[in-house]
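Summary of the model geometry
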Protein chains: 2
Amino acid sequence: MSTANDDASVEERLAGVSFNADGLVAVIVQQFDTHEVLMLGWADAEALRCTLTTGRAVYWSRSRQEYWRKGDTSGNIQVVHEARLDCDGDAVLLKVDQTGPACHTGTRTCFDAVDLHATPGAA
Amino acid sequence: MSTANDDASVEERLAGVSFNADGLVAVIVQQFDTHEVLMLGWADAEALRCTLTTGRAVYWSRSRQEYWRKGDTSGNIQVVHEARLDCDGDAVLLKVDQTGPACHTGTRTCFDAVDLHATPGAA
């Protein structure tokens with residue numbers, strides 16, 4: 001009997017993803033309950049396949065040119081709750097339960113450090 | 001007197017952005033109050049400059065190879081509330097107030113249509 005994440009259904013869904021010239025798709029990672037945006041990662045088909053079939057977030061490191069399963073070295077794992085594909089197939093929204101900080105700098109999210117903008121009129 | 005979004009301070013902050021080989025940075029767009037992730041856009045330095053100085057979200061369309069100020073044709077504008085840069089400078093989190101649907105298909109977000117994944121164990 002087929003389940004939602006058996007090989008055939010995962011492959012069918014992966015076929016709808018538009019990977020870029022480097023074979024990658026952008027993955028927006030959001031904490032499933034607080035809705036904080038934690039980080040932006042990149043995945044190739046194999047990383048996304050692992051993410052969908054194992055329930056642990058796996059990415060492709062563009063700087064190190066290798067796979068990394070989030071939390072394997074830091075312990076700050078991401079357990080997958082939901083994965084959505086955008087309207088043109090080239091971005092994934094991955095909703096996870098993040099243990100500890102998502103950022104390698106130790107902050108909860110990768111967006112905590114640098115404010116690019118102040119609210120207009122607030123200055 | 002300097003304000004938070006005068007030309008000099010905007011240029012200083014733009015200098016911290018790591019644009020990719022195509023001169024673009026990924027922009028994750030989030031509704032500021034409900035925290036819905038609305039879409040993923042792309043911006044070059046000029047689009048980001050316009051976004052930060054005018055308070056309306058401006059992107060670079062990779063498919064049309066032109067700037068687009070969100071909502072100019074649809075009326076579904078994005079008013080900027082906050083902009084954050086990630087830890088390695090190559091992703092922006094833009095918090096906006098989105099009028100109407102963010103997606104050109106008419107759905108609220110670009111991630112409403114395609115479920116890539118069911119919660120493990122739910123099948």
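Here is what the cut-offs are and how they apply
- Residues numbered from 1 in each chain as written.
- Chains lettered and ligands numbered in written order.
- Predicted model: local features only at pLDDT ≥ 70, side-chain atom pairs only at ≥ 80, totals over all residues.
- Heavy atoms only, no water.
- Buried < 20%, exposed > 50% of the residue type's maximum accessible area, 1.4 Å probe, protein only.
- Helix = DSSP H or I, 4+ residues; strand = E, 2+ residues; numbered from the N terminus.
- Arc of directions from axis to C-beta.
- Contact = heavy atoms within 4.5 Å.
- Buried area = accessible area lost by both parts, 1.4 Å probe.
- Salt bridge = Lys/Arg side-chain N within 4 Å of Asp/Glu carboxyl O.
- Polar contact = N/O pair within 3.5 Å; in protein donor to acceptor, adjacent residues only side chain to side chain.
- Nonpolar A, V, L, I, M, F, W, Y, C, P; charged D, E, K, R; others polar.
- Pairing = 2+ DSSP bridges.
- Axes fitted to C-alpha atoms, helices over the stretch in contact; angles between N-to-C directions.

**Some thoughts on helix 1 (residues 7–14) of chain B**
Of the positions making up helix 1 of chain B, those classed as buried are Ser9, Val10, Arg13 and Leu14 of chain B. Mapping the buried residues of helix 1 of chain B onto a view down its axis gives an arc of 135°, with all of them on the same face. Summarising the geometry of helix 1 of chain B, the exposed residues directed more than 90 degrees from the buried face are Asp7, Ala8 and Glu12 of chain B. Summarising the contacts, the buried residues of helix 1 of chain B are in contact with strand 7 (114–115) of chain A together with helix 2 (45–54) of chain B.

**Examining the interface of chain B and chain A**
On the chain A side, the residues contacting the 43 residues of chain B number 44 residues. Of the roughly 3800 Å² buried at the junction of chain B and chain A (both faces included), carbon and sulfur atoms supply 65%. The largest contributions to the chain B side of the interface with chain A come from Phe111, Leu116 and His117 of chain B, which together make up 21% of the buried area. Remark: the boundary between chain B and chain A carries two salt bridges. When the shortest N-O distance is used, the salt bridge between arginine 62 of chain A and aspartate 90 of chain B registers 2.8 Å. Our enumeration of links across chain B and chain A arrives at 18 residue pairs in polar contact (both at pLDDT 80 or more). Of all the secondary-structure elements, those providing two or more residues to the side of chain B that touches chain A are strand 1 (25–31), strand 2 (37–43), helix 2, strand 5 (78–85), strand 6 (91–98) and strand 7 (114–115) of chain B. Top element by residues in the side of chain B that touches chain A is strand 5 of chain B. It accounts for six residues. A breakdown of the residues in the side of chain B that touches chain A according to their chemical character gives 25 nonpolar, ten polar and eight charged.

**Topic: the sheet that holds strand 1 of chain B**
If you trace the five strands from one edge of the open sheet to the other, you get 7(A)-5(B)-6(B)-1(B)-2(B), paired in mixed fashion. Each of the sheet's edge strands pairs with one partner strand only, and the pair in question is strand 7 of chain A together with strand 2 of chain B. Judged from the six bridges that link them, strand 1 of chain B and strand 6 of chain B form a sheet pairing that is parallel. Residue pairing in the sheet places isoleucine 28 of chain B in a bridge with leucine 93 of chain B of strand 6 of chain B. The strands touched by helix 2 of chain B within the sheet are strand 1, strand 2, strand 5 and strand 6 of chain B, with strand 2 of chain B carrying the most contacts at an inclination of about 130°.

**With respect to the pattern of salt bridges**
Residue and element names in this part refer to chain A. Overall, the coordinates contain 18 salt bridges over all chains when judged by the stated rule. Residue aspartate 72 pairs with arginine 56 through a salt bridge whose shortest N-O separation is 3.0 Å. Taken together, the residues span a long stretch of sequence, with aspartate 72 in the loop between strand 4 (66–69) and strand 5 (78–85) and arginine 56 in the loop between helix 2 (45–54) and strand 3 (58–61) at a distance of 16 residues. For the salt bridge of arginine 69 with aspartate 72, the shortest nitrogen-to-oxygen distance reads 3.1 Å. By relative accessible area, arginine 69 is classed as partly exposed at 38%.

Geometry only, nothing functional implied.
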